[in-house]
Amino acid sequence: MHPVRKQRLYLVLFVIVFSSAAIGLVLYGLSGNINLFYPPAEVAAGKAPVGQPIRVGGMVVDGSIERSDDSLEVRFEVTDYQAKVAIVYEGILPDLFDEGQGAVAAGMLNEAGVLEATEVLAKHDENYMPPEVADALEASGRLPDGGAKL
Amino acid sequence: MIAEFGHFALIIALCLSVLLSVIPLWGAWRGNVVAMSLAPSLAIGLFVFAGISFACLATVFLQDDFSVAVVAANSNSLLPHIYKFSAVWGNHEGSLLLWILILCVWMAAVALFSSQLPLLMLSRVLAVMGIVAVGFISFSLFTSNPFARLLPGTPADGQDLNPLLQDPGLIIHPPLLYMGYVGFSVAFAFAIAALLGGRLDASWARWSRPWTNVAWAFLTLGIMLGSWWAYYELGWGGWWFWDPVENASFMPWLAGTALVHSLAATEKRGLFKSWTVLLAIFAFSLSLLGTFLVRSGVLTSVHAFATDPARGLFILVFLAFVVGGSLTLYALRAPAVSSRVSFSWLSRESLLLVNNVVFLVSTLTVLFGTLFPLLMDALGQGKYSVGPPYFNAVFVPLMAVLIPFMGIGPVSRWKGDSAARWRAELLLPAIAAVICGVTVPLLHGGEYNVWVALAVVLASWLLFGLARDVWYRVRGASTAARGFRRLTPSYLGMVVAHLGFAAAVVGVVATSQYNIEHDLKMQPGDTEVIAGYSFTFTEVAQVRGPNFVADEARFDVYENGRLLTRLAPQKRRYLASGQVMTEAAIDDGLWRDLFVAMGEPIGNEGAWAIRLHYKPMVRWMWLGAIMMALGGFATVADKRYRQRKVARNEVSEGVSGAAA
């Protein structure tokens, strides 16, 4: 074989081997590290899996936030105005987390249907709402007015 | 009045950019020298009018003209002046105008500093940048006019700048980031110009290289500042989130890193020509993709401004035009510029190839992780999110694969080298690196950490390899000073940048492995000890800033019973918007940061949720990034980029240069 062509062959082989390794890494990285969003209505209907990482989001129900007096545990509910999901979280909540505002929690559902959250995200400015929450609210026909949608 | 003036200036800039994208290209096609030589003047005119437009927007912000919609939405009369100024780019419309201004700065720089460039090339480069400018200026004028008025119904005061953006880091982070992002448009324009002309030789690489290195260095600084800002401003001590918008700036950086290295091979050896051109197209396309991701609001992110779908569509169409057009051109013309130079497997070329493959694969995996949620959503598979574990699982091994080769790179020779020579040169550094890796984690005490050991082995492998190489190059001279003077700026730039990479690796791994984070309930009088530092919560006080009121928690920090420092994190409530924000307090140091932030009040007895973090060597990664950027800037000082007459055949010089 012509040396340049031989070199190209090795090059192609190297790229193939390396990219396969990379694709393997990607698949490994994806397994268990991606999670699906469920609106509260679907969680209430039992469509969300128990014991797998998922995200749930909606508006934080007025008057639902309960803080523990001796630890960082917080309990609250989110709703898409069709159903409510109870969430328990131990840690420091983001600054913009509040009753009547949009929030997304990531974690696992337990047997009692409570989401044990490892992370809570709130919308980060006055005019913005997480797209998942906006869509969930739109699906239930309760999207608040005033620039809340994207 | 000033707003209308700015609007008018922007319209003139649009007209000039249309002229710039048409006349010089026509001139290059017809061989009309007059038309071609209009390009630099048009580029400078464009810069002047974009500058006037930007100055007008800054003026209306500083004058609190709340009849202008963006000022009313993003500023406030109580806002300190410096933040009124940075508020210009703290919103979608203004940041786009900054994008345009910086594009014009690059264009003017190319027009002014390229006297050694043939007119044909220069006119094509500027015209391609002109086309990009047409796209962005019309985007600004037609979908997001920063000068739109609120008439009637001018509010008495503005709604205030998002408190997160009221920070010194945010004054310089966007401009630096955009300098990098947009700077790749120069590399892109050179690539397209080369394809148009069908001429791609070492002198092309020599022209394109300094611009690419500078853009890359700016992007490095911009990303580093963004990470630093997130660390102290978002209030929970993270420094990299794999957030889609961070990825949007990181992908061009990864592609740009590959480009910087493949340009080296193209300049020195005339190799990888068409590949280099493709990388230049990729790097800029990824910059545009980043802009699309941020501006269209398709992804959830801390950076997403309130957006509207028309904007997303506009950028998507523009992106399709640029990527589609340049790839079509590439497909048609790449065979004309491809190279037939052979090299041995043990050579610097191979090692640069490894660099390119690793960085390209990293870019693609980050791209995949960023777009995966969009893809699944578009296919109706539900709303997924891809978290940091994915990115860490993929990215970290790729970088670990890279470093062993990276250590050999600088000592290797072009064209052909031998394993025996590498062994002779690098055996000592390899042994020293392993010894360092095994012993250094012992200094930290506590449980022996294998990952830190591995990071130290890799980083010191780079360090000792470079040290040995510098020593070989310097030792022949009569005095050390004379020897150092022999080293070229571009070689020193490479050394500094690689050392910066080593420092960043150590910083990232040490912080991730050794950091201690305690989130707990504390009330005044409580003491908590982490990593030998004892934090005593003394009191909570009410304080008032220029445009906020705050609860301030005061901590005394003791080390070995001796008062080390006092830290006072705040929980602020901004008066105009009512928004609450956490201001962390940090005691910084080269070897460790102490970080305190407040959560929310707990119960009725004055207790608060408190975040206490101990972050060892977290500064190293930012220092490393600064070193990488300095390295990038240093290469421009090289004499060979300033020679007016460019030799035709660089190959022989490249070989002797590497052997020296």
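What counts and how
Residues numbered from 1 in each chain as written. Chains lettered and ligands numbered in written order. Predicted model: local features only at pLDDT ≥ 70, side-chain atom pairs only at ≥ 80, totals over all residues. Helix = DSSP H or I, 4+ residues; strand = E, 2+ residues; numbered from the N terminus. Buried ≥ 20, exposed ≤ 12 C-beta atoms within 10 Å, placed from the backbone. Contact = placed C-beta atoms within 7 Å. Rg over C-alpha atoms; globule rule 2.2 N^0.38 Å. Pairing = 2+ DSSP bridges. Axes fitted to C-alpha atoms, helices over the stretch in contact; angles between N-to-C directions. Parallel < 35°, antiparallel > 145°, perpendicular 65-115°, else oblique. Left-handed = near helix turned anticlockwise from the far one by under 90°. Nonpolar A, V, L, I, M, F, W, Y, C, P; charged D, E, K, R; others polar. Domains from an automatic or database assignment. Expected span 1.5 Å × (residues − 1). pLDDT = per-residue confidence, 0-100. Core = buried A, V, L, I, M, F, W, Y, C linked by C-beta atoms within 7 Å. Bend = angle between axes of the 7 residues up to and from the residue.

**Quick notes on the overall build of chain A**
Working step 1: Helices and strands together make up the secondary structure of chain A, namely 3 helices and 7 strands.
Working step 2: For chain A, the α and β elements follow one another from N to C terminus as α-β-α-β-β-β-β-β-β-α.
Working step 3: Counting only residues that meet the buried cut, chain A has 35% of its 150 residues in that class.
Working step 4: For chain A, the share of sequence-separated contacts (at least 6 apart) that also reach a separation of at least 24 residues comes to 49%.

**A closer look at the overall build of chain B**
Working step 1: Check the secondary structure of chain B and you find 19 helices and 11 strands.
Working step 2: Against the globule reference of 26 Å for 660 residues, chain B gives a C-alpha radius of gyration of 27 Å, in line with a compact fold.
Working step 3: Expressed along its principal axes, the backbone C-alpha trace of chain B runs to roughly 80 × 70 × 55 Å.
Working step 4: Of the contacts formed within chain B by residues at least 6 apart in sequence, a portion of 74% connects residues at least 24 apart.

**Section: the sheet that holds strand 2 (residues 516–522) of chain B**
Residues and elements named next belong to chain B.
Working step 1: Ordered in space as 2-11-10-9, the 4 strands form an open sheet in which the pairing is antiparallel. Every other strand in the sheet has two partners, leaving strand 2 and strand 9 (585–587) as the edge strands with one partner each. Each neighbouring strand pair of the sheet contributes to a mean axis angle of 15°, computed without reference to strand direction.
Working step 2: As judged from the 9 bridges shared by strand 10 (residues 592–602) and strand 11 (residues 607–616), these two strands associate in the antiparallel manner. Paired with Val596 across the two strands is Leu612, which belongs to strand 11.

**Considerations on the pairing of strand 10 of chain B**
All names here are of chain B.
Working step 1: The element strand 10 is extensively covered by neighbouring structure, given that 9 of its 11 residues are classed as buried.
Working step 2: As defined by bridge partners, strand 9 adjoins strand 10 across 3 bridges and the pair is classed as antiparallel. Bridge pairing in strand 10 links Asp587 to Leu594.
Working step 3: What sits between the antiparallel neighbours strand 9 and strand 10 is a turn of 4 residues.
Working step 4: Linking strand 10 back to strand 11 in an antiparallel pair, the connection comprises 4 residues, with Gly603 at a positive phi of about 65°.

**Section: the packing of helix 17 (residues 489–514) of chain B against helix 18 (residues 619–634) of chain B**
All names here are of chain B.
Working step 1: Packing of helix 17 against helix 18 leaves a shortest axis separation of 7 Å and a crossing angle of 165°. Taken together, the axes of helix 17 and helix 18 are roughly antiparallel relative to one another. Crossing geometry of helix 17 relative to helix 18 is assigned as left-handed.
Working step 2: Here the contact of helix 17 with helix 18 is composed, by residue class, of 19 nonpolar, 6 polar and 1 charged.

**Thoughts on the environment of Phe321 of chain B**
Working step 1: Considering the arrangement of structural elements, one finds Phe321 of chain B in helix 11 (residues 309–337).
Working step 2: Along the chain, Phe321 of chain B and Gly135 of chain B lie 186 residues apart, while their C-alpha atoms are 9.9 Å from each other.

**So, the environment of Leu20 of chain B**
Residue and element names in this part refer to chain B.
Working step 1: Mapped onto the elements, Leu20 comes out in helix 1 (residues 2–30).
Working step 2: Taking the C-alpha atoms as reference points, Leu20 and Ile102, 82 residues apart in sequence, are found 17 Å from one another.
Working step 3: Sequence-distant contacts of Leu20, defined by excluding residues within four places in its chain, comprise Ala39, Leu42, Ala43, Leu46, Leu126, Ala127 and Gly130.

**Focus on the domain arrangement of chain A**
Working step 1: When cut into domains, chain A gives domain 1 (1–34) and domain 2 (36–139).
Working step 2: Taking only C-alpha atoms into account, the centre of domain 1 of chain A sits 41 Å from that of domain 2 of chain A.

**Description of the environment of Ser53 of chain B**
Residue and element names in this part refer to chain B.
Working step 1: Examined against the element boundaries, Ser53 turns out to sit in helix 2 (residues 33–62).
Working step 2: Along the backbone, Ser53 and Phe5 are 48 residues apart, and their C-alpha atoms lie at a distance of 7.5 Å.
Working step 3: Excluding anything up to four places from it in sequence, Ser53 contacts Gly6, Ala9, Leu10, Ala13 and Leu97.

**Quick look at helix 13 (residues 388–408) of chain B**
Working step 1: Compared with an ideal rise of 1.5 Å per residue, which puts 21 residues at 30 Å, helix 13 of chain B spans 31 Å between its outermost C-alpha atoms and is within 8% of the ideal.
Working step 2: Turning to helix 13 of chain B, its buried residues are Tyr390, Phe391, Val394, Phe395, Leu398, Ile403, Met406 and Gly407 of chain B.

**Describing the domain arrangement of chain B**
All names here are of chain B.
Working step 1: Here chain B is partitioned into domain 1 (1–166) and domain 2 (516–616).
Working step 2: With 9 residues of domain 1 at the interface, the matching set in domain 2 holds 9 residues.
Working step 3: Of the residues assigned to the side of domain 1 that touches domain 2, the class counts are 5 nonpolar, 2 polar and 2 charged.

**Some thoughts on the confidence of the model for chain B**
Residue and element names in this part refer to chain B.
Working step 1: Chain-level pLDDT for chain B is 87 on average; 94% of the residues reach the 70-or-more range.
Working step 2: Taken together, the stretch residues 302–306 has pLDDT below 50 and engages in 13 contacts with residues farther than four places along the chain or on a different chain.
Working step 3: Low pLDDT, under 50, characterises residues 645–660; the stretch is placed with 17 contacts to residues that sit more than four places away or in other chains.
Working step 4: Among the scores for the predicted complex, ipTM is 0.81 and pTM is 0.90.

**Things to note about the nonpolar core**
Residue and element names in this part refer to chain B.
Working step 1: Grouped together as the largest cluster of nonpolar side chains are 195 residues, with contacts concentrated most on Leu46, Leu103, Met107 and Ala187.
Working step 2: Here this core spans two domains, since at least three of its residues come from each of domain 1 (1–166) and domain 2 (516–616).
Working step 3: If we skip the residues at most four places from it in the chain, Met107 touches Ala43, Leu46, Phe47, Leu126 and Met129.

**Quick word on helix 8 (residues 202–233) of chain B**
Residues and elements named next belong to chain B.
Working step 1: In this model, helix 8 (32 residues) spans 46 Å end to end at C-alpha, consistent with the 46 Å of a helix rising 1.5 Å per residue.
Working step 2: At Ser208, helix 8 is deflected by roughly 30°, the largest bend along its length, and proline Pro210 occurs up to four residues later in sequence.
Working step 3: Remark: Gly235 follows helix 8 within two positions and exhibits a positive phi of approximately 80°.

**Structural notes on the pairing of strand 3 (residues 527–530) of chain B**
Working step 1: Alignment of strand 3 of chain B against strand 4 (residues 533–544) of chain B, held across 4 bridges, turns out to be antiparallel. Among the inter-strand pairings, Thr527 of chain B is bridged to a residue of strand 4 of chain B, identified as Thr536 of chain B.

**Focus on unusual backbone geometry**
Note: most residues except glycine have negative phi, and most peptide bonds are trans.
All names here are of chain B.
Working step 1: Here Phe272, not a glycine, exhibits a phi torsion of approximately 50°, which is positive.
Working step 2: Turning to its location among the elements, Phe272 is positioned in the loop between helix 9 (244–269) and helix 10 (273–296).
Working step 3: Backbone geometry at Met617 places phi at a positive 60°, although glycine is not the residue there.
Working step 4: Looking at the secondary structure, you find Met617 in the loop between strand 11 and helix 18.

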